[in-house]
Amino acid sequence: MTKPDSLASLGLMLLSLTLIRMMGNEATAGIANTSLVSEEDASRKGVCAPFSRRETPYVLHEMKPQAVVGYVVENFLDNCGLYLIFDPRNTNSQPVNIIQSLGLPLMVVALDWSPEEGLFLSNATRLIPFRTCSAYIIIAEDPDGIRSLILSAPFKEVFHYLGRYVFVMGSTAGSPGVILDNEVMAWRPHALVIKAVEKVVTDVSRVNYYELWSHSLFRQDISEKVYLVERWDLGGAQRKANLFPDKLNDFHRNELTAVTFEHPPSIVEVPHKGDSRSGGHHYDGIDIRLLRLVSEALNFRLKITNPSDGGKWGSPNEDGSWSGLTGDLTQRKAHMGVANIFIHTNYLQVVDMTRAYDMEAGCFITPLPEDLPQWVALVYPFSREVWILTLLFLFLGTPMLYAVSRMASYCLRDEFPWGTNLYQITFYGMGIFFGQGVPQEPRGDVTRSYFIMWVWYSVLITVVYRSSLTAFLTIPLEQPPINTLEQLASSKLPAWGSTGITFKKLLQASPDPMVRSLADRYYPVSGTKEGIDLTAQRKYAMMENRQFLEYTIATNFTNQYGEETLHVMEECFLPFQIGMALPKKAPYKPNFDNVITKIVEAGLVRKWLRDIIATSQRRGGGIETEDRDGSALTLNNLQGAWLLLGSGILISLVMFIMENIVRPSKQ
């Protein structure tokens, strides 16, 4: 190549580079590339590093959508991971311009389109939510196509329900309402529609300004859910409004529905005063008081209903749907559900749960063992060890008294012959224990010294025994109740269980073989009332959460003296957290969680439990008992005395018969 040709080629290359630079500047005119995340921030978010920052300020002499999008991203989405989703049918360069103008790491996704389905997301597309928040910038000119995308199943599953949605539209009239006013976006609080407003100048349409539209959620008090929130023109944002406010921190006294049913002490039916015959009642309980505080904090009116099918917590049907309270939530017939609901994987598959506000465990309620016969009171004043030592010293002490008296009689010659007779000395020593003396006293110093210690010991033992025996003769002698799972497994109760077979499955899944063995005698009952009644008849051990069992005992199985006829085992298992159930992807869950956290930190839940049990006891219930004031001792109290007398007569009779048999042979 000749030298002039080389110079011409070099000039052509410089001209090409200049044109490319001019085209790049032209494509990004109207917005400065202010990098929204540093490399350190990008590393923390788990995304790729940002593009290089351009220091040029916003240029507002041209009305282009990238300027508006840049303003929204920089001021309201700075902590979010970005997805840019566009309609591939667009022939303009908007997606490319917005990507270049943002200069940020983002994921770019192209939508699919068909005449039958409109715009839709491919089934193979996966939009992984970012840890902080996810923002979706959706660019399209077709509002109806965007609406078909929103109503499609992939949109509900793939797009995070708490994500920030920015729909960049053209100038089609009514596009904000078409996009935002539907059943899907009604449960997605953070959405914005950027709509261009054009003006015809000399037969050419030019963008005059942009309108930014948003929507209201759960507002029955207003007719127009979609409203204008901001306006953008050459001067920038005119209202300086918050484009993504917390819309669900205040429900403006609108009505939300809670589904529940009676399950004390979480939900207690309280008859209206003076209206008990007509069946009128209102609800109280731990969960109801929690709901009322949440409604006051978030400013909504509370409507309480029962499950529409008359069930309780609900269970899965053959077609995959659910019944009861859970079914109403999955069908969004109610906004929340409470009834001492366990936070369990079975529920989390179909509903969402708030943060836990209480901790519970599965416990057994068992019948108290029958009282021991009253004659056993004779041995109750002393423990086994004391009885062993007392009898040991009694049988060893009298021979020692005999030995001392014999020694004094033969060695020292200062004791009477009565003390040298073993039979007499045995009766003498035992008589001191029973407060009976003998007409003669020891005369020898050695015998007297031993005698004094023996009397002192005997009086101390007998005084303590007599004083304790009086108390044991007048009170029922209770046996220790069943308190451990091992004791339950070895008991004579024929069966135990609860409503349904959920607890049986949990018992069978336990790694403890002893706990698994409890499933062999598991018998489901139709309701808690049947289970409690069988337990009271000593035929069953009912399994439920501890709060419910303690409430049931306090209100129905405790007399005026505070004595219980049923007992909650000390050893429980299957610990569960208690939470409020919400429909899947309920946008107000973070707001509910914040309020519930403050309630738990204030310690109100435990206080409510104590108050409700005390109120229920005052309201009535319990079991009737006989009046114990001034009651005299009965034959039952003195069983021991009659037993000793009968035993003595029987022994004397036996000895009389034996002597009559033996004496003739001796003669």
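As a reminder, the structure under discussion sits directly above these lines.
Values in this document were obtained by computation on a predicted structure and should not be read as measured data. (Residues numbered from 1 in each chain as written. Predicted model: local features only at pLDDT ≥ 70, side-chain atom pairs only at ≥ 80, totals over all residues. Heavy atoms only, no water.)

Visitor: Can you help me understand the state of the cysteines in this one?
Guide: A covalent bond between the sulfur atoms of two cysteines is what we call a disulfide. For the coordinates displayed, the defined rule picks out two disulfides. Linked covalently through their sulfurs, Cys363 and Cys572 form a disulfide whose S-S length is 1.8 Å. Residues Cys363 and Cys572 are joined through a disulfide that is right-handed, its torsion about the S-S bond being 110 degrees. In this pair, Cys363 is assigned in strand S17 (residues 358-367) and Cys572 in the loop between strand S19 (566-568) and strand S20 (573-583), connecting sequence segments 209 residues apart. A relative accessible area of 0% places Cys363 in the buried class. Using a relative accessible area of 23% as the deciding quantity, one classes Cys572 as partly exposed. Among the cysteines of the protein chain that take part in disulfides, numbered as they appear in the sequence, the pairing is 1-2, 3-4. (Disulfide = S-S within 2.5 Å. Helix = DSSP H or I, 4+ residues; strand = E, 2+ residues; numbered from the N terminus. Buried < 20%, exposed > 50% of the residue type's maximum accessible area, 1.4 Å probe, protein only.)

Visitor: It is not clear to me how a nonpolar patch on the surface should be interpreted in this structure. Could you clarify?
Guide: A surface patch of nonpolar side chains, about 470 Å² in accessible area, is lined by Leu650, Ile651, Val654, Met655 and Met658. You can see Val654 is positioned in helix H21 (residues 639-666). (Patch = residues over 30% accessible without salt bridge, like charges linked within 9 Å, V, L, I, M, F, W, Y side chains within 5 Å. Areas by Shrake-Rupley, 256 points an atom, 1.4 Å probe, with all protein chains shown as cover. Salt bridge = Lys/Arg side-chain N within 4 Å of Asp/Glu carboxyl O.)

Visitor: Can you help me understand the packing of helix H3 (residues 65-76) against helix H4 (residues 94-102) in this one?
Guide: The relative placement of two packed helices comes down to the angle between their axes together with the axis-to-axis distance. Two elements in contact, H3 and H4, have axes whose closest approach is 9 Å; the angle formed by their N-to-C orientations is 45 degrees. Considering their axes alone, H3 and H4 lie oblique with respect to each other. When the axes of H3 and H4 are compared, the crossing they make is right-handed. Between H3 and H4, the contacting residues are Pro65, Gln66, Val69, Gly70 and Val73 on the first element and Gln94, Asn97, Ile98, Ser101 and Leu102 on the second. Considering only residue class, the contact of H3 with H4 consists of five nonpolar, five polar and no charged. (Axes fitted to C-alpha atoms, helices over the stretch in contact; angles between N-to-C directions. Parallel < 35°, antiparallel > 145°, perpendicular 65-115°, else oblique. Left-handed = near helix turned anticlockwise from the far one by under 90°. Contact = heavy atoms within 4.5 Å. Nonpolar A, V, L, I, M, F, W, Y, C, P; charged D, E, K, R; others polar.)

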